[in-house]
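So the chains spell out like this:
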Amino acid sequence: MAMASSRLLWASRAASYLKISTFPRAFSTVLKDLKYADTHEWVKVEGDSATVGITDHAQDHLGDVVYVELPEVGSSVSQGKNFGAVESVKATSDINSPVSGEVVAVNDELDGKPGLVNASPYENGWIIKVKISDSGELNSLMDDEKYSKFCEEEDSKH
């Protein structure tokens, strides 16, 4: 009888632990050395080239990404304007470009593995690479500290 009781206690604790561990994370990862838009895109600048993706905060709120709409290489993007979309099990969300310029590469891996946006938003889940036409636009973007505060304030409103 004592054995069954201790197993029941263990199962209860395990269930309680598992229930707690499924809650959404309170804080998303925000990387230094990146710039952030208020629409939750990030940009990593190297010379006149910029890699763009959606932030950990955005992918966390979207849920499992099932499709990423990519622009054509050679197309132009403008700061703050839509260039594609991310579809998840919860919603479809536009992706806006944090910088203006010409798309020089798209992450074709996302066609077969859209979940890379969830699993690795800042590395393997990048979306486009852009040749920047106006580096002055970077000044209007947030650094990691401002973006973290922005996310905290936004989450407290919901």
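## Quick word on the pattern of salt bridges
Enumeration according to the criterion identifies 2 salt bridges in this entry. Between lysine 32 and aspartate 144 there is a salt bridge; the shortest N-O distance is 3.5 Å. A residue pair is termed long-range when its members are at least 10 positions apart, and lysine 32 in the loop between helix H1 (2-21) and strand S1 (35-36) and aspartate 144 in helix H5 (residues 144-157) qualify at 112 residues.

## Notes on the sheet that holds strand S6 (residues 82-88)
Taken together, the 3 strands give an open sheet; going across it, the order is S4-S6-S7, and neighbouring strands pair in antiparallel fashion. Unpaired on one side and paired on the other, strand S4 (65-69) and strand S7 (92-96) mark the two borders of the sheet. Between one strand axis and the next, the sheet turns through 25° on average, direction left out of account. Here 5 bridges tie S6 to S7, and the two strands are oriented antiparallel to one another. Counterpart to valine 86 in the pairing with S7 is serine 93.

## Concerning unusual backbone geometry
Backbone geometry places aspartate 33, a non-glycine residue, at a positive phi of 70°. As for its position among the elements, aspartate 33 is in the loop between H1 and S1. With phi around 75°, histidine 40 is a residue other than glycine that occupies positive phi space. Here histidine 40 shows up in the loop between S1 and strand S2 (41-46). Residue histidine 40 is classed as buried on the basis of its relative accessible area, which comes to 10%.

## Comments concerning a nonpolar patch on the surface
A cluster of nonpolar side chains, namely Val66, Tyr67 and Val89, defines an oily patch on the protein surface of about 290 Å² accessible area. By the secondary structure assignment, tyrosine 67 is in strand S4. Judged by its relative accessible area of 40%, tyrosine 67 is partly exposed.

## Quick look at the side chain of threonine 51
In this fold, threonine 51 is placed in strand S3 (residues 49-54). Exposure remark for threonine 51: the relative accessible area of 7% places this residue in the buried category. In terms of polar contacts, threonine 51 uses its side chain to reach the side chain of lysine 129, at 3.3 Å. Beyond its immediate stretch of four places on either side in the chain, threonine 51 contacts Trp42, Val43, Lys44, Glu46, Trp126, Ile128 and Lys129.

## With respect to the pairing of S3
Counting buried positions along S3 yields 5 of 6 residues, so the element is predominantly enclosed. Hairpin geometry of S2 and S3 is characterised by an intervening segment of 2 residues between the two adjacent antiparallel strands and by a positive phi of about 65° at glycine 47. Taken together, the 4 bridges between S3 and strand S9 (residues 128-132) define a ladder with antiparallel strand orientation. Counted as the bridge partner of serine 49 is lysine 131 from S9.

## Some words on the sheet that holds S3
The 6 strands are arranged S1-S2-S3-S9-S8-S5 in an open sheet whose pairing can be described as antiparallel. Looking along the sheet, the strands with just one partner apiece sit at the ends: S1 and strand S5 (76-77). Where S1 meets S2, 2 bridges bridge the pair, whose relative direction is antiparallel. Residue pairing for S2: lysine 35 is matched across the bridge by valine 43.

What counts, and at which threshold
Residues numbered from 1 in each chain as written. Predicted model: local features only at pLDDT ≥ 70, side-chain atom pairs only at ≥ 80, totals over all residues. Heavy atoms only, no water. Salt bridge = Lys/Arg side-chain N within 4 Å of Asp/Glu carboxyl O. Helix = DSSP H or I, 4+ residues; strand = E, 2+ residues; numbered from the N terminus. Pairing = 2+ DSSP bridges. Axes fitted to C-alpha atoms, helices over the stretch in contact; angles between N-to-C directions. Buried < 20%, exposed > 50% of the residue type's maximum accessible area, 1.4 Å probe, protein only. Patch = residues over 30% accessible without salt bridge, like charges linked within 9 Å, V, L, I, M, F, W, Y side chains within 5 Å. Areas by Shrake-Rupley, 256 points an atom, 1.4 Å probe, with all protein chains shown as cover. Polar contact = N/O pair within 3.5 Å; in protein donor to acceptor, adjacent residues only side chain to side chain. Contact = heavy atoms within 4.5 Å.

Remember, this is a structural readout, not a statement about activity or role.
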